Amino acid sequence: MMSLLPLLSSFPAWPYLGLFVTAFAAATILPFSSEAAVVAAMLAGLDPAAILLWASLGNCLACMFNYGIGYLFYKPARQKLRQSRYGRIALIYTKKYGMWSMLFSWAPLIGDPLTIVGGLFRLPLLPFLLLVFSLRIGRYALIIWVM
């Protein structure tokens, strides 16, 4: 039986697919670090533009997913956020500052719950996406630039 390892290791998109999945998972409530994945990809010598593209795409799609969870599943999402320290903080800030609270959506710990709360509070989608996406992409661009 032929081993799949040579075939899989010769597929050049695997590292980028892994980066995409990690960045997506990191923008949910799962305990992943997309920043660490971006740094590891840079240290592995991957193309910086491709790193920026795939990490940003995964992370931004997850933010849209989070918004949708908050929007579509208002009661269960709100209850889950109330059970979390950072979820409660996100609820308070968004109630007080509205769309401006999304300026912190890039931040570790509180940023991901904020994107769910954006959906809960039915923040306008286009401004939400423009603000959150630009901050998330900017964070990765800064990390890549510093490396």
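Please refer to the structure placed before this passage.
Residues numbered from 1 in each chain as written. Predicted model: local features only at pLDDT ≥ 70, side-chain atom pairs only at ≥ 80, totals over all residues. Heavy atoms only, no water.

Asker: Could you clarify how one ought to interpret the packing of aromatic side chains in this entry?
Answerer: The description of an aromatic ring pair uses the distance of the two centres, along with the angle that the planes make with each other. Per the counting criterion, the structure on display carries five aromatic pairs. Geometrically, the ring pair formed by Phe24 and Phe65 is tilted, given 6.0 Å between the ring centres and 50° between the ring planes. Taken together, the residues Phe24 in helix H2 (residues 14–26) and Phe65 in helix H4 (residues 48–72) connect sequence positions 41 residues apart. Each residue in the set Tyr67, Tyr71 and Phe128 is aromatic and connected to the rest through ring pairs, giving one cluster. Over the aromatic face of Tyr140 sits the side chain of Arg139, whose NZ or CZ is 4.7 Å from the ring centroid. (Phe/Tyr/Trp six-rings, centres within 6.5 Å; stacked < 30°, edge-to-face > 60°. Helix = DSSP H or I, 4+ residues; strand = E, 2+ residues; numbered from the N terminus. Lys NZ or Arg CZ within 6 Å of the ring centre and 35° of its normal.)

Asker: Could you clarify how one ought to interpret a nonpolar patch on the surface in this entry?
Answerer: Side chains of Tyr93, Tyr97, Trp100, Leu103, Phe104 and Trp106 sit close together on the surface and give an oily, nonpolar patch of about 690 Å² of accessible area. Mapped onto the elements, Leu103 comes out in the loop between helix H6 (85–97) and helix H7 (111–120). A relative accessible area of 36% places Leu103 in the partly exposed class. (Patch = residues over 30% accessible without salt bridge, like charges linked within 9 Å, V, L, I, M, F, W, Y side chains within 5 Å. Areas by Shrake-Rupley, 256 points an atom, 1.4 Å probe, with all protein chains shown as cover. Salt bridge = Lys/Arg side-chain N within 4 Å of Asp/Glu carboxyl O. Buried < 20%, exposed > 50% of the residue type's maximum accessible area, 1.4 Å probe, protein only.)

Asker: Help me understand the pattern of salt bridges, please; the structure alone is not making it clear to me.
Answerer: Pairing between side chains becomes possible if they bear opposite charge and their charged atoms approach one another. Enumeration over the complete set of coordinates arrives at two salt bridges. Note that Arg136 and Asp112 form a salt bridge whose closest N and O atoms lie 3.0 Å from each other. Placement of the pair is Arg136 in helix H8 (residues 125–146) and Asp112 in helix H7, with a sequence separation of 24 residues. Take Arg136 and Asp112: they sit in the same class, and that class is buried.

Everything listed here is a matter of coordinates, which is why it stays silent on function.
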